[in-house]
Amino acid sequence: MNGATYLVTMKKHLKTAYLLNEDKIEAMIPIFLATLDNHMNRLADLAAKGELDELGQASHAVKGALLNIGLFDLAETAHAIEKQCKSGVSPENYREMITELQYTVARFSEEW
């Protein structure tokens, strides 16, 4: 999906799942995006430090944030990171997934 498609998906989800009007959606998206950006930075930091327990918790939070805004495909990636952390897989195995998430979130955040 491109950045514009992610934004359309988010807006549709917020409208149908939470019954928000356009004004509320327009006000909330920047808040969601800022929160998501903070989560992405935390994921990268914890992966660099190799802190699997905290990384698993942070990826769980990212998964929830993504599900809340209807980005189910990205939530699946966060869930995969969470599962790998719980299984004890070393950070090198999921740094690529974190980088992909960061890139995708940055791409649709910039379009906002």
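Okay, so let's go over this structure. Bear in mind the structure is a predicted one, so any value in this text is a computation, not a measurement.

This paragraph deals with the packing of aromatic side chains. Across all of its chains, the model carries 1 aromatic pair by this definition. Arranged with centres 5.2 Å apart and planes meeting at 35 degrees, the rings of tyrosine 6 and phenylalanine 108 form a pair that is tilted. With a gap of 102 residues between them, tyrosine 6 in helix α1 (residues 3-18) and phenylalanine 108 in helix α5 (residues 95-111) connect regions that are remote in the sequence. In this structure phenylalanine 108 comes out as buried when scored by relative accessible area, which is 0%.

As a further point, take the nonpolar core. Among the nonpolar cores identified, the biggest contains 31 residues, and Leu55, Leu66 and Phe108 are the most heavily contacted of them. Secondary-structure elements contributing two or more residues to this core are α1, α2 (22-49), α3 (52-68), α4 (72-87) and α5. A total of 8 residues in this core trace back to one element, the largest contributor, which is α2. With residues up to four places along the chain from it excluded, the contact list for leucine 66 reads Leu36, Leu71, Leu74, Ala75, Ala78 and Leu101.

Attention shifts here to α4. With 16 residues, α4 extends 22 Å from end C-alpha to end C-alpha; this agrees with the ideal 22 Å at 1.5 Å per step. For α4, the set of buried residues is Leu74, Ala75, Thr77, Ala78, Ile81, Glu82 and Cys85. The arc that holds the buried residues of α4, viewed along the axis, is 155 degrees, so those residues lie on one side. Pointing more than 90 degrees away from the buried face of α4 are the exposed residues Glu76, Lys83, Lys86 and Ser87. Where α4 is buried, its residues touch α1, α3 and α5.

What counts as what
- Residues numbered from 1 in each chain as written.
- Predicted model: local features only at pLDDT ≥ 70, side-chain atom pairs only at ≥ 80, totals over all residues.
- Heavy atoms only, no water.
- Phe/Tyr/Trp six-rings, centres within 6.5 Å; stacked < 30°, edge-to-face > 60°.
- Helix = DSSP H or I, 4+ residues; strand = E, 2+ residues; numbered from the N terminus.
- Buried < 20%, exposed > 50% of the residue type's maximum accessible area, 1.4 Å probe, protein only.
- Core = buried A, V, L, I, M, F, W, Y, C linked by side-chain atoms within 4.5 Å.
- Contact = heavy atoms within 4.5 Å.
- Expected span 1.5 Å × (residues − 1).
- Arc of directions from axis to C-beta.

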